[in-house]
Each structure stands twice: as structure tokens, then as C-alpha cells.
Amino acid sequence: SARLDESAIGHFLTALSTQCFASLAYEATSKEKRAAPGSVAAQPPRLFALSKFVETVLHNLHRVAFLWPLVTQFLLPVANHKVSRIRVIGIESLSKVVISAMRHTLNDVNNIRDRTARSPKAADQPAPSATVDDAAAPATKATPERAS
């Protein structure tokens, strides 16, 4: 999916979310016996589309800004589902995506900082910052004192 263009990945994720909403409707009304909480079998097998949605987003974090509206449009209703078991799965999925996106963005900032530090003009340019405080502070250049 990382090689798909933005339109194709958007259609793919929309299809997965549609399939998952249908599965969630079934899960919410199903009277089947459930496995013990915490066991491997505790996650309903009909949530395959949800796990593939999350997996696809995680493989495409390089375009998270484009995917974010689709992610929130789908995962927020799952995280707010009326069935607590499904709600927990939705919150865990949303948390996983948010934390991974933040790590990916931080890694991008650090890579830019490393490249800037190695460039010949690095002494003249302030390094990109991953914190608000560093970005707000004015860049100062130390000048050596002249001996008289």
C-alpha cells in the first residue's frame, strides 16, 4: 500500500472502514459466547478490517497528513462505540496510530537536524527544532572576543 497514490490509498482505507463498520454492527448485536478478557481469542475475528486499516495507516505514516482525516473519521467512532469491548479495541488502535505518527514525525525532524548539522552552511543556519521552546528562542551566534 505504500506504493499506492493518495487517491488509491484513500479509496482502499474507505473500503476497509466501510467493511469494518458492517462488522462492528454485527459484533454489537451478536450473542455469541466470548473468550475470556485478555486471552488471544478475546479480539473478535470479525474485526479483521479494523486491524488491516491500522496496519495500512502504519505502513503509510510518510503521508499521515493526507490520511489523518480518514483515520479520525473512522477510529473516533470505533473508540466511542456503545459496546465496551469494541470501544477498548478502538482506543488501543487510535493510540497506536497517534503514537506511531508522533514518533515518525520526530524521526523526520531529527533526520533534518542531522543533515543540516552536516551541511557546509550549518554554522549559518539554525538547526530545526523538535520542541516549541527551541523554535521560539532566537538563534544567537557567538562571536570570539578580539585580543587588543
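See the structure shown above.
Residues numbered from 1 in each chain as written. Predicted model: local features only at pLDDT ≥ 70, side-chain atom pairs only at ≥ 80, totals over all residues. Heavy atoms only, no water.

(A) Summary view of the environment of L58. Relative to the assigned elements, L58 resides in helix α2 (residues 48-59). In this structure the C-alpha to C-alpha distance between L58 and A101, which are 43 residues apart in sequence, comes to 7.9 Å. Aside from chain neighbours lying at most four places away, what touches L58 is K96, V97 and S100. (Helix = DSSP H or I, 4+ residues; strand = E, 2+ residues; numbered from the N terminus. Contact = heavy atoms within 4.5 Å.)

(B) Region of the structure containing the pattern of salt bridges. Summed over all chains, the structure comprises one salt bridge. In this structure, the salt-bridge partner of E55 is K52, at a minimum N-O distance of 3.1 Å. One end of the pair, E55, and the other, K52, are both in helix α2, three residues apart, so they sit about a helical turn from each other. A residue is classified by how much of its surface remains accessible, and K52, at 26% relative accessible area, is partly exposed. (Salt bridge = Lys/Arg side-chain N within 4 Å of Asp/Glu carboxyl O. Buried < 20%, exposed > 50% of the residue type's maximum accessible area, 1.4 Å probe, protein only.)

(C) Seen up close, helix α3 (residues 64-79). Relative to the 22 Å expected for 16 residues at 1.5 Å per residue, α3 spans just 19 Å between its end C-alpha atoms, considerably shorter than the ideal helical length. If you look at α3, its biggest bend is around 35 degrees, right at V71. By the burial criterion, the buried members of α3 are V64, L67, L70, V71, F74, L75, V78 and A79. Along its buried surface, α3 packs onto α1 (6-29), α2 and α4 (84-118). (Expected span 1.5 Å × (residues − 1). Bend = angle between axes of the 7 residues up to and from the residue.)

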